[in-house]
Amino acid sequence: MSDAHFQFEIVIVGAGPAGIAAACAAAEFSEFSERVAVVDDTPWLGGQIWRGEQARPKQPQAQQWLDKFRKCGATLLDRTSVIAAPENGLLLAEHADGPRAIRWQKLILATGARELFLPFPGWTLPNVMGPGGLQALVKNGWPISGRRVVICGTGPLLLAVANGLRGYGAKIVSINEQASWGSLAGFGFGLLRHPGKLFQGAGIGAGIFGVPFRCGTWPVKAEGEDSVRSVTLTNGSKTWTEDCDVLACGFNLVPNVELPVAVGCDLQRGFVRVDFMQATTVANVFCAGEPTGIGGADCALTEGRIAGYAATGQSPMAEQLFGKRDRWHAFRDALAKTYALRAELKTLATNDTLLCRCEDVTLGRVRQFSGWREAKLLTRCGMGSCQGRVCGAAAKVVLGWGAESVRPPVLPARVGSLITTEIQR
Ligand SMILES: Cc1cc2nc3c(=O)[nH]c(=O)nc-3n(C[C@H](O)[C@H](O)[C@H](O)COP(=O)(O)OP(=O)(O)OC[C@H]3O[C@@H](n4cnc5c(N)ncnc54)[C@H](O)[C@@H]3O)c2cc1C
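First, a word on scope: everything that follows refers to the structure included in this document.

Turning our eyes to something else, we now look at the sheet that holds strand β14 (residues 239–243). Strand order in the open sheet made by the three strands is β12-β13-β14, with antiparallel pairing throughout. Each having just a single partner strand, β12 (218–224) and β14 make up the two edges of the open sheet. For this sheet the average axis-to-axis angle between neighbouring strands, irrespective of direction, equals 25°. The sheet contact formed by β12 and strand β13 (residues 228–234) spans six bridges and is antiparallel. Looking at β13, one finds that Glu-223 is bridged to Ser-230.

What follows is the structure in structure tokens.
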């Protein structure tokens, strides 16, 4: 392993739609192109939504942006996880070849979001997974053809994933959305203001035609021995069981705010607080995409462009995009309202249900403490390989506890990298 040092004027963390758009905007001005770098922990460009687009091009919008990025002259540091921000202007990262010290003058955080999992009896059985995670596995060759899949949870991802899996030959048993029909009808009506999304929705609707779709329905328990075999669902008045080989269950997305918090950025209602130029509360640090609110790829692209222009001092270019961003923010607010989690989801887990699956800690054990920090210190919950990204987010919903601080590493890291982190302090 060898240490490596990099220095760029503008560093962007995250190569999803927000990060790509930020890099293209920043590098648009030739004086900047060779001084812009994008760092991402994955081996591909495109973040969650455009995963696999490099190998198997399908989406014209993705191709257009990936192409633009390749031509823009920015440097891509892929397979590089940013694990700490020990001082202003410095990020520490990990790559298979060794630790990386990355110096920046302007930083754009575009770290995206992850799925939210809520505990219920049986949620840790093999073949119970998040819809987005399942989709990623299938895109990478996990065999799904002929397997029975029940989909539940909340958010537009449920329908998109059902449509995608059907394309790979899965047998979708049912789709169960916890939001009510009333909320969904209001959201559908609001889509009239976004014809592109309406068109996309119609395509998905046609793809899943004939699959039972229920609203106001959520999981009670999953059962099986070596793997999930059935799921019990309820609509509050009726409870029934469906057989399945795979249960895809996720409760929308939570923002990846650990790195922004480590850099010192303030949060507002769980998201990174930014001003109209996407500037955070830390000087020279900007944020775009899902960490500022769960708004989808188009919202992320627009915010990313504004952040890229703002970081390079191109304010008039950024201002031209404010109207567009306002429209996507209205869509983002509608998403949050429509898919707000119902109170019943907080009581699905029993005291015996695992909350922290990395360290095998039950909800009952964690409940004996008054807050996340105390529970973590005395039970090791949140100290496993996910570093609280799964159980911490669940504890926030189920117990109302927030993580009071973020300690490095923000992603799992090797001891060698952590030693470098200490040396750099
Ligand atoms: C699992 C999953 C599947 C999804 N599938 C779909 C879909 O099929 N259709 C759809 O419309 N939307 C989907 N979404 C939502 C969609 O991803 C977002 O709306 C959109 O991609 C947001 O773009 P972004 O640039 O903000 O974030 P992202 O696309 O999430 O990009 C963020 C990038 O930052 C990287 N990153 C984060 N932290 C670090 C770090 N510390 N160091 C280095 N790199 C880091 C991540 O690996 C990622 O590549 C999915 C989301 C998830 C979580």
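The full count for this structure, using the stated rule, is six aromatic pairs. Between the aromatic rings of Phe-6 and Phe-8, the centroid separation amounts to 6.4 Å while the plane-to-plane angle is 10°, which identifies the pairing as stacked. Residue class for Phe-6 comes out partly exposed when judged on its relative accessible area of 24%. Residue classification places Phe-8 among the buried positions, given a relative accessible area of 10%. With centroids separated by 5.7 Å and ring planes inclined at 85°, the aromatic side chains of Trp-328 and Phe-331 adopt a geometry described as edge-to-face. Residue Trp-328 and its partner Phe-331 are located together in helix α11 (residues 322–338), separated by three residues, close to a single helical turn. Within the aromatic cluster, the residues linked to one another by ring pairs are Phe-187, Trp-328, Phe-331 and Tyr-339. The lysine or arginine in question, Arg-357, covers the ring of Trp-123, its NZ or CZ lying 5.1 Å from the ring centre.

What follows deals with the sheet that holds strand β8 (residues 128–129). In space, the five strands of this open sheet follow the order β8-β15-β9-β10-β11, with parallel pairing throughout. Each end of this open sheet is capped by a strand with a single partner; those strands are β8 and β11 (213–214). Most of the contacts of helix α4 (residues 131–139) go to strand β15 (residues 246–251), to which it runs at about 130°, and overall it touches β8, β9 (148–154) and β15. Packed on one face of the sheet, helix α5 (residues 157–167) meets β9, β10 (171–177), β11 and β15 and runs near 180° to β10.

With that settled, the discussion passes to the site of the ligand. Taken together, 30 residues surround the ligand, and among them Ala-18, Asp-40, Asp-41, Val-82 and Glu-290 come closest. One nitrogen or oxygen atom from the main chain of Pro-17 is found 3.2 Å from an oxygen atom belonging to the ligand. In this structure, a nitrogen atom belonging to the ligand sits 2.9 Å away from a main-chain N or O atom of Val-82. When isolated, the ligand has an accessible area of 990 Å², and the protein chains bury 89% of it. Of all the secondary-structure elements, those providing two or more residues to the shell around the ligand are α1 (17–27), β4 (81–87), β7 (113–115), α4 and α9 (297–311).

The amide bond that connects Pro-408 to the next residue, Pro-409, takes the cis arrangement and shows omega of 0°. Note that Pro-409 resides in the loop between α14 (391–398) and α15 (415–424). At Asn-252, a position not held by glycine, the phi torsion is positive, near 70°. Tracing the sequence through the fold places Asn-252 in the loop between β15 and β16 (253–255). Within the chain, Asp-360 stands out as a residue other than glycine whose phi angle is a positive 55°. If you trace the backbone, Asp-360 turns up in the loop between β20 (354–356) and β21 (361–362). A relative accessible area of 57% means that Asp-360 is categorised as exposed.

Rules used throughout
- Residues numbered from 1 in each chain as written.
- Predicted model: local features only at pLDDT ≥ 70, side-chain atom pairs only at ≥ 80, totals over all residues.
- Heavy atoms only, no water.
- Pairing = 2+ DSSP bridges.
- Helix = DSSP H or I, 4+ residues; strand = E, 2+ residues; numbered from the N terminus.
- Axes fitted to C-alpha atoms, helices over the stretch in contact; angles between N-to-C directions.
- Phe/Tyr/Trp six-rings, centres within 6.5 Å; stacked < 30°, edge-to-face > 60°.
- Buried < 20%, exposed > 50% of the residue type's maximum accessible area, 1.4 Å probe, protein only.
- Lys NZ or Arg CZ within 6 Å of the ring centre and 35° of its normal.
- Contact = heavy atoms within 4.5 Å.
- Near = heavy atom within 4 Å.
- Polar contact = N/O pair within 3.5 Å; in protein donor to acceptor, adjacent residues only side chain to side chain.
- Areas by Shrake-Rupley, 256 points an atom, 1.4 Å probe, with all protein chains shown as cover.

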